[in-house]
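Fold and geometry: a report
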Amino acid sequence: MAFTLEKVVPWGRSFEEYVSMFNLTPDDLCKKILGCGDGPASFNSQMNKADRSIISIDPIYQFSTEEIEGRISETYKEILKQLEKSQEDYIWTTIKSPYELGQIRMAAIGEFLADFTLGKKDGRYLNAELPVLPFKDKQFDLALCSHLLFLYTDQFSLEFHREAISEIVRVAKEIRIFPLVTLAGNKSPYIEEIEDYFRKQGHEISIESVSYEFQRGGNEMMKIKCCI
């Protein structure tokens with residue numbers, strides 16, 4: 001089935017959130033980075049402004065700036081409405097309210113939209129999606145996958161997770177995946193099986209706490225260091 005914008009709820013995260021979600025150090029930010037499923041996040045734009053190496057992939061990038069912006073306008077109020085109904089599922093400390101969250105998200109999305117046309121021309125935003133990536137083996141030092149794998153456990157099978165992570169392992173020397181909970185806030189049942197699968201292939205797997213926690217219980221990432 002073809003990917004359509006009507007299926008997508010664009011919801012961009014900020015550069016600061018990426019740093020916290022993935023425990024990114026100044027040295028990490030100097031690496032050649034791949035963002036998997038970045039959507040309308042501002043991480044790519046901020047990295048580019050700092051003259052860092054970044055490529056983001058997402059099927060949403062097949063659409064124009066105007067089409068993405070239109071979809072955001074359609075879904076923004078509904079997203080905030082749903083957040084207000086389920087506030088108990090989130091931790092309102094750093095972000096104080098659904099309204100403040102909306103402001104943060106729209107600021108990130110606005111920066112993405114302003115950068116998108118130039119970024120596509122520069123090859124920083126590519127229309128691609130897991131489990132097939134258009135890159136050479138070990139082309140990247142670090143790959144980041146935010147709010148896709150494990151979060152959508154009910155939507156994507158265990159086999160899809162294996163294939164997707166295997167492809168990221170092929171193109172990057174290290175992978176970080178966040179969060180490890182599902183949309184319902186439960187730890188993904190795939191975690192242990194994925195750990196076992198990739199550890200048996202000779203890779204180093206760890207589950208690490210991060211400083212970021214907005215979805216309740218969502219304060220861990222999986223790190224895979226490719227050892228072969």
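Up top you'll find the structure we're talking about.
The present account deals with the structure reproduced in this document. (Residues numbered from 1 in each chain as written. Predicted model: local features only at pLDDT ≥ 70, side-chain atom pairs only at ≥ 80, totals over all residues. Heavy atoms only, no water.)

Taking 1.5 Å of rise per residue, 14 residues should cover 20 Å, and helix 6 (residues 158-171) covers 20 Å from first to last C-alpha, within 8% of that figure. Of all the residues in helix 6, the buried ones are Leu158, Phe160, His161, Ala164, Ile165, Glu167, Ile168, Val169 and Val171. Looking at the packing, one finds that the buried side of helix 6 touches strand 1 (33-36), strand 4 (142-146), strand 5 (174-178), helix 7 (191-200) and strand 7 (220-225). (Helix = DSSP H or I, 4+ residues; strand = E, 2+ residues; numbered from the N terminus. Expected span 1.5 Å × (residues − 1). Buried < 20%, exposed > 50% of the residue type's maximum accessible area, 1.4 Å probe, protein only. Contact = heavy atoms within 4.5 Å.)

Our next topic: unusual backbone geometry. Following Leu130, the chain continues to Pro131 via a peptide bond in cis, the omega torsion being 15°. Considering the arrangement of structural elements, one finds Pro131 in the loop between strand 3 (125-126) and strand 4. Between Phe178 and the following residue, Pro179, the backbone shows a cis peptide bond with an omega angle of -5°. Here Pro179 lies in the loop between strand 5 and helix 7. Positive phi is not limited to glycine here, since Asn23 has a value of about 50°. At Asp51, a residue that is not glycine, the phi angle is positive and equals roughly 60°.

A few words on the pattern of salt bridges. On inspection of all chains with the given rule, the structure shows 15 salt bridges. Residues Glu17 and Arg105 are paired through a salt bridge, measuring 2.7 Å at the closest nitrogen-oxygen approach. Taken as a pair, Glu17 in helix 1 (residues 15-21) and Arg105 in helix 5 (residues 98-122) lie far apart in primary sequence, 88 residues in all. The two residues Glu17 and Arg105 agree in class, both being buried. Of the charged contacts in the structure, one is a salt bridge between Asp28 and Lys31, with a shortest N-O distance of 3.2 Å. (Salt bridge = Lys/Arg side-chain N within 4 Å of Asp/Glu carboxyl O.)

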